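Report on the structure
If you want the building blocks of each chain, they are given just below.
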Amino acid sequence: RCLSTGKDVHEFTFAGDAQLSTTQKKFGNTSLYLDGTGDVLEQNSSSDYAIGTAPYTLEMWIRPDAASITGTANLIDMRTGATDVAMRLYIDNGQPRFNVNGADIVLSDTNVAEDIWYHIAIVRTTTGANDTKMYLNGAQVAVGTDANTYTAKPMKIGAAFNLGNEYSGYIDEIRFSNIARYAAA
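Reading guide: rules and limits
- Residues numbered from 1 in each chain as written.
- Predicted model: local features only at pLDDT ≥ 70, side-chain atom pairs only at ≥ 80, totals over all residues.
- Heavy atoms only, no water.
- Pairing = 2+ DSSP bridges.
- Helix = DSSP H or I, 4+ residues; strand = E, 2+ residues; numbered from the N terminus.
- Buried < 20%, exposed > 50% of the residue type's maximum accessible area, 1.4 Å probe, protein only.
- Core = buried A, V, L, I, M, F, W, Y, C linked by side-chain atoms within 4.5 Å.
- Contact = heavy atoms within 4.5 Å.
- Salt bridge = Lys/Arg side-chain N within 4 Å of Asp/Glu carboxyl O.
- Axes fitted to C-alpha atoms, helices over the stretch in contact; angles between N-to-C directions.

Let us look at the pairing of strand β12 (residues 139–144). Two strands pair when backbone bridges link them, and strand β11 (residues 132–136) and β12 are joined in this way by five bridges, in the antiparallel orientation. Bridging across to β12, Leu136 finds its partner in Ala139. Connecting the antiparallel pair β11 and β12 is a turn made up of two residues, with Asn137 showing a positive phi of about 50°.

What follows is the structure in structure tokens.
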């Protein structure tokens, strides 16, 4: 979202040498590049993320470097502690996962590879059983149950709440919506 002046509603602080890069991009002129060493974007808590039990979509384009497909690499982390009722989207040994309150609730057995663009979307239509889905490049790759109630939280892009498990690669077009944007693959 942006204001009538064109300025973004949500302001993020760039830390380390996180940067907008023209080297790779999915859309527009730039994408976010993180080298996995002290790079993160941070935003203070926002009531825009306090969606309660409403439907939502969390989506982005990623192009991971080799370092992000081995081990753990956080894409988005809204936790303030390890077991916090907050969203965490990450890659574990090449597999995208969505975690809340210390537990993976949607995890894919489909791997992502280095230097390839992927669209990842997590979509909750209701809080019912198996009503939260993960899409990878438009194909449903996982399903789970998310009955959590979300309150206002901060957001980190490219690292965990404690600045660990950093992501290395490109990210473009991050969007968080309070609606379920994709109902089927």
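There's plenty left to go through after this.
This part is about unusual backbone geometry. Despite not being glycine, Asp115 has its phi angle at roughly 60°, a positive value. With a relative accessible area of 38%, Asp115 lands in the partly exposed category. Here Leu163, not a glycine, exhibits a phi torsion of approximately 70°, which is positive. Mapped onto the secondary structure, Leu163 falls in the loop between β13 (153–157) and β14 (168–177).

Core analysis: the biggest nonpolar cluster contains 35 residues, and Ile62, Leu75, Leu89, Phe98, Tyr167 and Ile171 have the highest contact counts within it. Element by element, the count of residues in this core is highest for strand β5 (residues 56–64), at four residues. With residues near it in sequence (within four places) discarded, Ile62 still touches Leu75, Ile91, Ile116, Trp117, Tyr118, Ile120, Tyr167, Tyr170 and Ile171.

Scanning the entire structure with this criterion turns up eight salt bridges. Arg79 serves as the salt-bridge partner of Asp77, at 2.7 Å between the closest nitrogen and oxygen. In this pair, the class of Asp77 matches that of Arg79, namely buried. The partner of Arg97 in a salt bridge is Asp92, with the nearest N and O atoms 3.8 Å apart. For Arg97, a relative accessible area of 14% puts it in the buried group. Here the salt bridges do not stand alone but share partners, grouping Asp92, Arg97 and Asp104 into one network.

Turning next to the pairing of strand β3 (residues 31–35). A large share of β3 lies buried, amounting to four of its five residues. Where strand β2 (residues 19–21) meets β3, three bridges bridge the pair, whose relative direction is antiparallel. Directly across from Gln19, in β3, lies its bridge partner Tyr33. Of the strand pairs in this sheet, β3 and β14 are connected by four bridges, and their pairing is antiparallel. Paired with Tyr33 across the bridge in β14 is Tyr170.

Turning our attention to the sheet that holds strand β10 (residues 118–124). Strand order in this open sheet of seven strands is β2-β3-β14-β5-β10-β11-β12, and the pairing throughout is antiparallel. Pairing within the sheet leaves two strands with one partner each, and these edge strands are β2 and β12. The sheet shows a mean angle of 30° between the axes of neighbouring strands, taken without regard to direction.

Shape is all these values report; function is a separate question.
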